[in-house]
Amino acid sequence: MVAFGKKLRESQIQEWQGYYINYKLMKKKVKRYTEQIEVRTQNHHFVLKDFSRLLDYQIEKIVLFLLEKQGLLAARLSDLGEQHHALTQQSDGSSISELKEAYRAVGQELLRLLFFVEMNAIGIRKILKKFDKRFGCKFTDYYVKTRANHPYSQLRQVFKHVGFGAVVGAISHNLADLQDLQNNQGSYISIYDQPAFSHPDPVIDSIKSAVDRLSNSTNFLHFLGRHAFIMEEELPTPSEDECLEQRYHFMSLLLNLANTFLYMVNTYIIVPTADDYSLSLGAAATVCGVVIGSMAVAQVFSSVYFSAWSNRSYLRPLVFSSIVLFVGNTLYALAYDLNSISVLLIGRLFCGLGSARAVNRRYISDCVPLKLRMQASAGFVSASALGMACGPALACLLQTKFKIYKLTFNEETLPGWLMALAWLVYLLWLWISFREPHCETKENLVPNEANVGQLANVTVENGYTQPLLMKIEAKQQDEDEDQERDDAEEDSQEIHKPVTSIVVAYRLLTPSVKVQLFVYFMLKYAMEIVLAESSVITGYYFIWPISRVAIFLACLGLTVLPVNIIVGKYMTNIFEERQVLLASEIMVCIGILLSFHIFNPYSVPQYVGSALITFVSAEVLEGVNLSLLSRCMSSRLSRGTYNGGLLSTEAGTLARVVADGTITLSGYLGESKLLNSTLLPALLICVSSIIATCCTYNSLY
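These figures come from a predicted structure and were not determined experimentally.

Visitor: Sorry if this is basic, but what is going on with the side chain of Asp660 here?
Guide: Considering the arrangement of structural elements, one finds Asp660 in helix α27 (residues 644–666). No salt bridge forms around the buried Asp660; measuring N to O, its nearest opposite-charge neighbour Arg656 is 5.2 Å away. Separated by 3.3 Å, the side chain of Asp660 and the backbone nitrogen of Gly293 make a polar contact. In this structure Asp660 touches Gly289, Val290, Ile292, Gly293, Glu528 and Ala532, once residues within four positions along its chain are discounted.

So this is what it looks like as structure tokens:
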């Protein structure tokens, strides 16, 4: 593993050497502070003050150089603008081509500057992490809180700068205008009037990707993809990328997404009829909570062994999943004729034991090339959302009753028979079409320390190729090279040492990450309360038939994608994610409060409106929450069996288990008190999450 200090030296632009963070000096300072504290020649207060001052100076040096280079780029763009204006008066094909190349040259210079900023941002994060590790304190939290929120913050210039957007806009709209002029179209179409209209240029695409990476701006595809919570530690090395290209198989990816879709259909297809099924077997209607939740109980355990199994294979766990789900749904359907609530619950437990969502996530993370991974992640989330909507919709269509021999087919058993058939067909398709990847697994590949080191020579598509970062030809002699290598090995062991249990993984979580997982637990709890008890509540208060309950649940599921379009394209680019997070939590709380039955009569508009507010707000909260989690979690949780995706899955699954258990326990109080008795713990959990978020608000960056 290459130490960051060495990689920083090798990746520096030679003429900008003096303006990078002096990572070597900062490391020496941290080491010296440690020695001074040990021999008690200095106290912690002096160390914190001196290190803060030194880091402030380093950041100021970076920012002032950044502003200087931005000014030079602006001056170049101003000169090119005058030439552009002259060309509009007298069109000259060769001059237009030269001017376009000049604009591209500015774009390439801007790209170099973006990589400069990215290297320094990585250096700042690493030195803060090293300081926290050596002194066992939360200096990073203190430093970010005090610097990032100050009106004259220079730290924000490094992590969330604003000057690059104007330069990108100038290059983009001028290239589009020159292309229009070169084609002699005779009409001016502004990219500001029509945002979809822009001249496609690989340099612009590269710049936009780099700016998004630094500023954490997003779009619908990225926002939706983050729901999958497929953590990425860094960009792959060329050898890793080549391996991923070999492992990628479109039909296998499609089968992986089909598994996701069918499992979500399987989860929610029984929700509208679970209470009637329980009644027909001699149990109370509120036992539907146990029927629905038993699948989640089994999923708590299946997530772990499927995650471990996916380290060695993808086909075998998917085959096993399909077989177990086929058996589970068959038992679920047979419970009616056997008149056994036990068989019903065993069938649902089998369905939960077949949950291969951990495999679905790992396949996308390990076998899909980086350029397609965000699309695949968005596909994973879309398949889940569509499955959630299709499940109740299918239940609405199964309103019939007939018998074949001694088997009963009605609205209660048909969901089981239909899903058993679906999993059987899927199993055959899987066996015929799925291709097991044979390249070395991602766990065994040696990752790079930082993604920017791979970008020393960036090849721009469609023929535009130019070195953007030049290596230093003569390597500088470093007297601390041995120590740096030792530090690198130590960091490598720390970062990439496999996490051996959930307990070890939990210990790696910072307080802010724990809060985020608690928020995730809260939103899943609130959503499950709304969905799982809907058939009982609507039947008691409004005497809704199964078809109307199914339509209501399907409509809730259909809100997922439109809501994510609005949030991904607009809200997260206008407001900070932590602001959207807190606002969404408050809206969930409002939705829960509006759901309480306080005044008579309890009306349909009150129930539907409050459920919609709760569900939609929880959907918004989920995307923002997982986005923050993916950036705050330890890099050790980006791969392996006990990864960040597994932790989030377990938190959400436990929330569903607790919610479904609450519904069943509250049923003993009677159906008249079911609504308020289930909403009260949801309200308490929601208020607690808001308080916890407010306490760690400034740490969520």
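Visitor: What exactly am I supposed to notice about the side chain of Ser302 here?
Guide: For Ser302, the position within the fold is in helix α13 (residues 288–309). On the basis of relative accessibility, which here comes to 0%, the residue Ser302 falls in the buried class. If we skip the residues at most four places from it in the chain, Ser302 touches Gly352, Leu353 and Ser355.

Visitor: Help me understand the packing of helix α14 (residues 315–338) against helix α15 (residues 341–353) in this model?
Guide: Where α14 meets α15, the axes come as close as 7 Å, and the angle between the chain directions of the two elements is 165 degrees. As judged from the angle between their axes, α14 and α15 are roughly antiparallel. As for how α14 packs across α15, the hand of that crossing is left-handed. Residues Val324, Leu325, Val327, Gly328, Asn329, Leu331, Tyr332, Ala335 and Leu338 of α14 touch α15, and the partners they reach there are Val343, Leu344, Ile346, Gly347, Arg348, Phe350, Cys351 and Leu353. Split into classes, the residues belonging to the contact of α14 with α15 amount to 13 nonpolar, three polar and one charged.

Visitor: Which parts of the structure should I look at to understand unusual backbone geometry?
Guide: Glycine aside, negative phi is the norm for most residues, and most peptide bonds take the trans geometry. Cis geometry marks the peptide bond from Asn600 to Pro601; its omega dihedral reads -5 degrees. Mapped onto the elements of the fold, Pro601 is located in the loop between α25 (577–595) and α26 (604–632). If you check the backbone angles, Tyr405 has positive phi at about 55 degrees while not being a glycine. Assignment of secondary structure puts Tyr405 in the loop between β1 (402–404) and β2 (407–409). You can call Tyr405 exposed: its relative accessible area is 81%. Phi is positive for Ile543, which is not a glycine, with a value near 55 degrees. Overall, the relative accessible area of 70% leaves Ile543 in the exposed class.

Visitor: Whenever I open this one, the pattern of salt bridges confuses me. Can you help?
Guide: Between side chains of opposite charge, a pair can form when the charged atoms approach closely. Applying the stated criterion to the full structure yields eight salt bridges. In this structure, the salt-bridge partner of Arg53 is Asp50, at a minimum N-O distance of 2.5 Å. Residue Arg53 and its partner Asp50 are both found in helix α3 (residues 44–89); the two are separated by three residues, about one turn of the helix. With its nearest N and O atoms 2.7 Å apart, the salt bridge here joins Arg104 to Glu101. Of this pair, Arg104 and Glu101 both sit in helix α4 (residues 93–135), three residues apart, which is roughly one turn of that helix. By relative accessible area, Arg104 is classed as buried at 6%. The class for Glu101 is partly exposed, based on a relative accessible area of 40%.

Visitor: How do you make sense of helix α21 (residues 511–532) when you look at a structure like this?
Guide: Residues that lie three or four places apart on an α-helix share one face, since the helix turns once every 3.6 residues. Along its 22 residues, α21 runs 31 Å from first to last C-alpha, staying within 8% of the 32 Å computed at 1.5 Å per residue. Among the 22 residues of α21, 19 are classified as buried, and the element is accordingly described as predominantly covered.

What counts and what doesn't
- Residues numbered from 1 in each chain as written.
- Predicted model: local features only at pLDDT ≥ 70, side-chain atom pairs only at ≥ 80, totals over all residues.
- Heavy atoms only, no water.
- Helix = DSSP H or I, 4+ residues; strand = E, 2+ residues; numbered from the N terminus.
- Buried < 20%, exposed > 50% of the residue type's maximum accessible area, 1.4 Å probe, protein only.
- Lys, Arg positive; Asp, Glu negative; His and termini not counted.
- Salt bridge = Lys/Arg side-chain N within 4 Å of Asp/Glu carboxyl O.
- Polar contact = N/O pair within 3.5 Å; in protein donor to acceptor, adjacent residues only side chain to side chain.
- Contact = heavy atoms within 4.5 Å.
- Axes fitted to C-alpha atoms, helices over the stretch in contact; angles between N-to-C directions.
- Parallel < 35°, antiparallel > 145°, perpendicular 65-115°, else oblique.
- Left-handed = near helix turned anticlockwise from the far one by under 90°.
- Nonpolar A, V, L, I, M, F, W, Y, C, P; charged D, E, K, R; others polar.
- Expected span 1.5 Å × (residues − 1).

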